[in-house]
Amino acid sequence: TLRFADYAVDRQKRLLFGPGGDQIELSAGEFNLLLAFLKRPKRPLSRDELLDLAHGREASLFDRTIDVQVGRLRHKIEANPQRPQLIKTVRGVGYVLDSDVLDR
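Residue numbers run consecutively from 1 along every chain, following the written order of its sequence. Local features in this predicted model are restricted to residues whose pLDDT is 70 or higher, and side-chain atom pairs enter the listing and the counts only when it is 80 or higher, whereas totals over whole chains, interfaces and linings include all residues. The side-chain quantities take in all heavy atoms of the structure and omit both hydrogens and water.

Engineer: Explain the overall build of the protein chain residue by residue, including any values.
Structural biologist: To qualify as a helix, a DSSP run of H or I must reach at least 4 residues; to qualify as a strand, a run of E must reach at least 2; elements of each kind are numbered from the N terminus. When helices and strands are tallied, the protein chain shows three helices and eight strands. Each helix and strand of the protein chain, ordered N terminal to C terminal, gives the series β-β-β-β-α-β-α-α-β-β-β. What you see for the protein chain is a C-alpha radius of gyration of 13 Å, in line with the 13 Å of a compact globule of 104 residues. Every one of the 104 residues in the protein chain was classed for burial, and the buried ones make up 39%. Expressed as a percentage of contacts within the protein chain between residues at least 6 apart in sequence, the contacts between residues at least 24 apart total 46%. Here the accessible surface of atoms and residues is derived via Shrake-Rupley with a 1.4 Å probe, and residues count as covered only by protein chains that are part of the display. Accessible surface for the protein chain amounts to roughly 6300 Å². Of this, 45% is attributable to carbon and sulfur atoms. We compute the radius of gyration from the C-alpha atoms alone; for a globule the expected value is 2.2 Å times N to the 0.38, where N is the number of residues. Under the scheme applied here, a residue whose accessible area is under 20% of the maximum for its type counts as buried, over 50% as exposed, and between as partly exposed, the area being computed with a 1.4 Å probe on protein chains only. Any two residues having at least one pair of non-hydrogen atoms within 4.5 Å are treated as being in contact.

Engineer: Report on the pairing of strand β7 (residues 94–97), specifying residues and quantitative values.
Structural biologist: For two strands to pair, DSSP has to find at least two bridges joining them. With two bridges joining them, strand β5 (residues 45–46) and β7 adopt antiparallel strand pairing. Directly across from L45, in β7, lies its bridge partner Y95. Linking strand β6 (residues 87–90) back to β7 in an antiparallel pair, the connection comprises three residues, with G92 at a positive phi of about 80°.

Engineer: Can you lay out the packing of helix α1 (residues 28–39) against helix α3 (residues 65–77) for me, pointing to particular residues and giving the numbers?
Structural biologist: At a closest axis distance of 10 Å, the pairing of α1 and α3 adopts a crossing angle of 85°. The angle between the axes of α1 and α3 places the two elements in the roughly perpendicular class. On α3, the residues touching G29, E30, L33, L34 and F37 of α1 are I66, Q69, V70, R72, L73 and K76. When residues are grouped by polarity, Ala, Val, Leu, Ile, Met, Phe, Trp, Tyr, Cys and Pro land in nonpolar, Asp, Glu, Lys and Arg in charged, and all others, Gly among them, in polar. Looking at the contact of α1 with α3 residue by residue, the classes come out as six nonpolar, two polar and three charged. Orientation is described by lines fitted to C-alpha atoms, with helices fitted over the stretch in contact, and by angles between N-to-C directions that extend from 0 to 180 degrees. Throughout this description, any angle smaller than 35 degrees is read as roughly parallel, any larger than 145 degrees as roughly antiparallel, any in the 65 to 115 degree range as roughly perpendicular, and the remainder as oblique.

Engineer: Describe the sheet that holds β7, with residues and values.
Structural biologist: Two strands in a sheet stick together by hydrogen bonds in their backbones, pointing the same way (parallel) or opposite ways (antiparallel). Spatial ordering of the open sheet is given by β5-β7-β6, a layout of three strands whose pairing is antiparallel. Looking at the sheet topology across the chains shown, the edges are occupied by β5 and β6.

Engineer: Talk me through the environment of G71; I want residue IDs and the actual numbers.
Structural biologist: Assignment of secondary structure puts G71 in helix α3. When its relative accessible area of 23% is taken as the criterion, G71 is described as partly exposed. Sequence spacing of G71 and Q82 is eleven residues, and the spatial spacing of their C-alpha atoms is 9.5 Å.

Engineer: Tell me about helix α2 (residues 47–55), residues and numbers included.
Structural biologist: Along α2, the residues classified as buried are L50, L51 and A54. Along the long axis of α2, the arc covered by the buried residues comes to 100°, so they all point the same way. On the buried face of α2, the contacting elements are α1, β5, α3 and β7. At the exit of α2 stands G56, carrying a positive phi of roughly 65°. What the arc measures is the spread of directions leading from the helix axis to the C-beta atoms.

Now the structure itself:
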């Protein structure tokens, strides 16, 4: 089990649980993206790195898949997706998970 902020992730069952213990539904892509962030917390990751880590492929010049999935993930885990506190945008780089991660 991985824990970050008030969330818990069961990697074996591929489940995310929120602060109240309720299960949060994630698509396979969203779950893979979350795992990529959890493996490298507090480290800015480019879109290319995230695509490679989450989907095992490289981005094309106009590929916005990661931006769409980050937006969806923010809507599911951020208190205010318009002012994200967990998954932050790093201008000119990509995104960063701004949370400590505990592996239990």
